[in-house]
Amino acid sequence: MEMNKSRWCRATLLLLLSLALRGAAYLQERKNYIVHLRPREAADGSVEEWHRSFLSQAAAAAAAARLDSAADGGGDDGPRIIYSYSDVFTGFAARLTDEEAEALRATDGCARLYPEVFLPLATTRSPGFLGLHLGNEGFWSRSGFGRGVVIGILDTGILPSHPSFGDDGLQPPPKGWKGTCEFKNIAGGGCNNKIIGARAFGSAAVNSTAPPVDDAGHGTHTASTAAGNFVENANIRGNADGTASGMAPHAHLSIYKVCTRSRCSIMDIIAGLDAAVKDGVDVLSFSIGAYSGTQFNYDPIAIAAFKAMERGIFVSCAAGNAGPEPGTVGNGAPWMLTVAAGTMDRAIQTNVRLGNGEEFHGESLFQPRNNSAADPLPLVYPGADGFDASRDCSVLRGAEVTGKVVLCESRGLSGRIEAGQTVAAYGGVGMIVMNKAAEGYTTFADAHVLPASHVSYEAGAKIMAYLNSTANGTASIDFKGTIIGSYPSPAVTFFSSRGPSKASPGILKPDITGPGMNILAAWAPSDSHTEFSDGGADLSFFVESGTSMSTPHLSGIAALLKSLHPDWSPAAIKSAIMTTSDAVDRTGLPIKDEQYRHATFYAMGAGYVNPALAFDPGLVYDLHADDYIPYLCGLGLGDDGVTEIAHRPVTCGGLRAITEAELNYPSLVANLLSQPITVNRTVTNVGKASSVYTAVVDMPKDVSVTVQPPMLRFTELKEKQSFTVTVRWAGQPNVAGAEGNLKWVSDDYIVRSPLVIPPKGE
């Protein structure tokens, strides 16, 4: 009896242990992955069925690894597909246990798994500053203001009831449009002839009462910058007043909400890109951070953008806000336009006056009529010795600031408004934000909660010197409103990410600079912006800065070019934008960076966009999907790596790989050592049928550049001609590198290409 009882106990224990082990497999934490598959040779069954077959294999293999005979086969308790990608990415997104992920990695046909990562989110004056003016003549009207073109915006959604998204003057959606609209019960708005599609994805779809509605403000801002319709008397509390519009005010918008208020899931981004290509957009605008330095076959965004480009879709991406350090640029694939951020000639100006009579200009969006800091007040710096407080005013314990103007060090891209809130909470009545050395002359017009002025590093240093010279320093702050004609303009901002691209240093990145500083555009009320005392609930427009803002400017300009030249490829549009850009400011001097030094091409790309010239560039450097394959092979990605990007089998050994410098790009990076470098370029005539161009080289004297032939003669449109460029040192190599331009000059056109010799070691 005791023996039978003992056997029964052991059997029960083993059964419970088996059940526990089996249950543990189901209780494992599942994580989100993108599963990248190799292209399938035969299209048997649907894409979804093909994807599910990999999950079944993974589930069975994971079960076998647990010595569990009951594979779940991908049912409700097994791995779950989140997205089945079909147009821009070969693969799917799914929730997997660690065991299932390992099993998938070992499955034939699986290239790799990407764990889910989250990427960060990276106007009234800018159209006029860029030469876009209303009237019967000129590029803007000739392009029909972007009529008939669809811009896809991947961001935080949109506020459809905003007047910027009215459809006055717009045509119905183009024939063949496949987009869908998910707006439901939206008071005063929804889809119309302006917003012709709106969808939300993943976590972004459950973060508001109506999925595609913007609850952050960012998406509304970028959408209106790209293609907002005309709105008269746009301003923010009386500042930056004028008629607001996007770059392409009569283009259509399709909205893909892939971001919440603070982050964007890579799975949702790829799903949004996939949907946009299916829907039939012409331009994709992507104001989201990127994989910086990741080789392209490990970058899902670069892979998806390649397929979009192959479909004829122009992809405009933010360079990132990680400047001014070199090598920080993201979204660096050559089939994407990579956009840097620059200033305009508008300032929302303040004036700081010190007790010794010195005056310094700054900026602030908050300019109250009842100015508590208009008269001289005691000036204090919490970071000085003797205070138990921080230099950036994040902590003010021990600092006596009541009734004073407080000098605070900048926190960089954010935190300035929070500093003012802290100052006000401790009784301060005014604030001066001074830049750090690396931030130079870049100043933000912020919606402060008290009288404030953001001043440059140079001004801040002089204010500090004044404070150190007296025990009774005073300061006052005056408000000057909106000033047009500030100098120098344009300039590159400190935060705009710099080249070279770590993924492909032989391609100049960023490509172009656009307006990205203190940009006024449409706004959606958000509890993430409560700077004003009333919470800003009535704000229809708001000022923001970043490459997030410069990117939709270029997206809209690309839409104008697409409307005017519907047969141009994405590379031809990019070439037109780059080769007609400005390398000099409005006074004719070289464009400056945030230190007011000559901006390098690694800071500004080819230059600052000039859309009035881009519509008629004369010549273009064209590329198509197949032209990138030898370049990708030359990067050393191997057959598998190139296949993953190209979405089709590629054997690099069967073609002639080329160097980065040999890609027919509108700029040239010559990684010059002791031996000369010779590369070939081909241009297509899109200007006047009968035309003659002469090569003009502008380079430092220690660099020799030979162009053969030195003259190009065209007799018809769309005619192609090739030439070679040989670059060599005229003397001893310069470790600092060199920069200049190659120009093709005719009676009617100047087609300029940057020519860069990188510093030694880059």
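Everything numeric in this text was worked out from a predicted model, so none of it was measured. (Residues numbered from 1 in each chain as written. Predicted model: local features only at pLDDT ≥ 70, side-chain atom pairs only at ≥ 80, totals over all residues. Heavy atoms only, no water.)

### Comments concerning the nonpolar core
Where a protein is soluble and globular, its nonpolar side chains tend to be buried together.
Then, in step 1: Of all hydrophobic cores here, the largest spans 68 residues; its most connected members are Ile269, Ile270, Phe306, Trp335 and Leu632.
Then, in step 2: With 9 residues, the single largest contributor to this core is helix α7 (residues 266–279).
Then, in step 3: Look past the residues within four positions of Phe306 in its chain and what remains in contact with it is Trp335, Ala625, Tyr628, Ile629, Leu632, Ile645 and Ala646. (Core = buried A, V, L, I, M, F, W, Y, C linked by side-chain atoms within 4.5 Å. Buried < 20%, exposed > 50% of the residue type's maximum accessible area, 1.4 Å probe, protein only. Helix = DSSP H or I, 4+ residues; strand = E, 2+ residues; numbered from the N terminus. Contact = heavy atoms within 4.5 Å.)

### Description of the environment of Phe118
Then, in step 1: Structurally, Phe118 is set in strand β5 (residues 118–119).
Then, in step 2: Not counting residues up to four positions away in its chain, the partners in contact with Phe118 are Arg263, Cys264 and Ser265.

### Examining the state of the cysteines
Then, in step 1: Considering all chains together, one arrives at 4 disulfides under this definition.
Then, in step 2: One disulfide in the model links Cys181 with Cys191; its S-S distance is 2.1 Å. Its S-S torsion of about 100° marks the bond between Cys181 and Cys191 as right-handed, since a negative value means left-handed. Remark: Cys191 occurs in the loop between β6 (150–155) and β7 (195–200) and Cys181 occurs in the loop between β6 and β7; sequence separation between them is 10 residues.
Then, in step 3: Between Cys393 and Cys408 runs a disulfide, and the two sulfur atoms are separated by 2.0 Å. In this structure the cystine formed by Cys393 and Cys408 twists about its S-S bond by roughly -90°; its chirality is therefore left-handed. Of this pair, Cys393 sits in the loop between β17 (377–380) and β18 (405–409) while Cys408 sits in strand β18, placing them 15 residues apart in sequence. Considered together, Cys393 and Cys408 belong to a single accessibility category, that of buried residues.
Then, in step 4: For the protein, numbering the cysteines in disulfides from first to last along the sequence yields the connectivity 1-2, 3-4, 5-6, 7-8. (Disulfide = S-S within 2.5 Å.)

### Examining the sheet that holds strand β33 (residues 750–757)
Then, in step 1: Spatial ordering of the open sheet is given by β26-β33-β32-β28-β30, a layout of 5 strands whose pairing is mixed. Edge positions in the open sheet fall to β26 (668–669) and β30 (711–714), since each of these has one partner strand only.
Then, in step 2: Where strand β28 (residues 691–698) and strand β32 (residues 738–745) come together, 5 bridges link them in antiparallel fashion. Within β32, the residue paired with Ala695 across the bridge is Trp744. (Pairing = 2+ DSSP bridges.)

### Things to note about the pattern of salt bridges
Then, in step 1: Under the defined criterion, the tally for this structure stands at 24 salt bridges.
Then, in step 2: Of the charged contacts in the structure, one is a salt bridge between Arg648 and Glu310, with a shortest N-O distance of 2.9 Å. On the criterion of sequence distance, the pair formed by Arg648 in the loop between α16 (638–646) and β26 and Glu310 in helix α8 (residues 300–310) is long-range, its members being 338 residues apart.
Then, in step 3: Here Asp626 and Arg648 are joined by a salt bridge, their closest N and O atoms 2.5 Å apart. (Salt bridge = Lys/Arg side-chain N within 4 Å of Asp/Glu carboxyl O.)

### Section: the packing of aromatic side chains
Think of a pair of aromatic rings as described by two things: how far the centres are apart, and how the planes are tilted against each other in angle.
Then, in step 1: Applying the stated criterion across every chain, the model contains 18 aromatic pairs.
Then, in step 2: Summarising the aromatic geometry, the rings of Phe145 and Phe230 are spaced 5.7 Å apart at their centres and angled 90° between planes, so their arrangement reads as edge-to-face. Of this pair, Phe145 sits in the loop between α5 (139–142) and β6 while Phe230 is found in the loop between α6 (218–227) and β8 (231–236), placing the two residues 85 residues apart along the sequence.
Then, in step 3: Measuring from ring centre to ring centre gives 6.3 Å for Phe444 and Phe494, while their planes differ by 80°; the resulting arrangement is edge-to-face. One end of the pair, Phe444, is in the loop between β19 (430–434) and β20 (452–455); the other, Phe494, is in the loop between β21 (474–484) and β22 (512–515), and 50 residues separate them in sequence.
Then, in step 4: When its relative accessible area of 5% is taken as the criterion, Phe444 is described as buried.
Then, in step 5: Taking the relative accessible area as the measure of exposure, Phe494 reaches 6% and is therefore buried.
Then, in step 6: Members of the aromatic cluster, joined through ring pairs, are Tyr83, Tyr85, Phe89, Tyr114 and Phe201.
Then, in step 7: Above the ring of Phe118, the side-chain terminus of Arg263 is found at 3.7 Å from the ring centroid. (Phe/Tyr/Trp six-rings, centres within 6.5 Å; stacked < 30°, edge-to-face > 60°. Lys NZ or Arg CZ within 6 Å of the ring centre and 35° of its normal.)

### Focus on the environment of Glu739
Then, in step 1: When you line up the elements, Glu739 lands in strand β32.
Then, in step 2: For the pair formed by Glu739 and Phe601, sequence separation is 138 residues and the distance between their alpha carbons is 7.7 Å.
Then, in step 3: If sequence neighbours within four positions are ignored, Glu739 has contacts with Thr600, Phe601, Tyr602, Met699, Pro700, Leu755 and Val756.
Then, in step 4: Here Phe601 takes part through its backbone nitrogen, which lies 3.0 Å from a polar atom of the side chain of Glu739. (Polar contact = N/O pair within 3.5 Å; in protein donor to acceptor, adjacent residues only side chain to side chain.)

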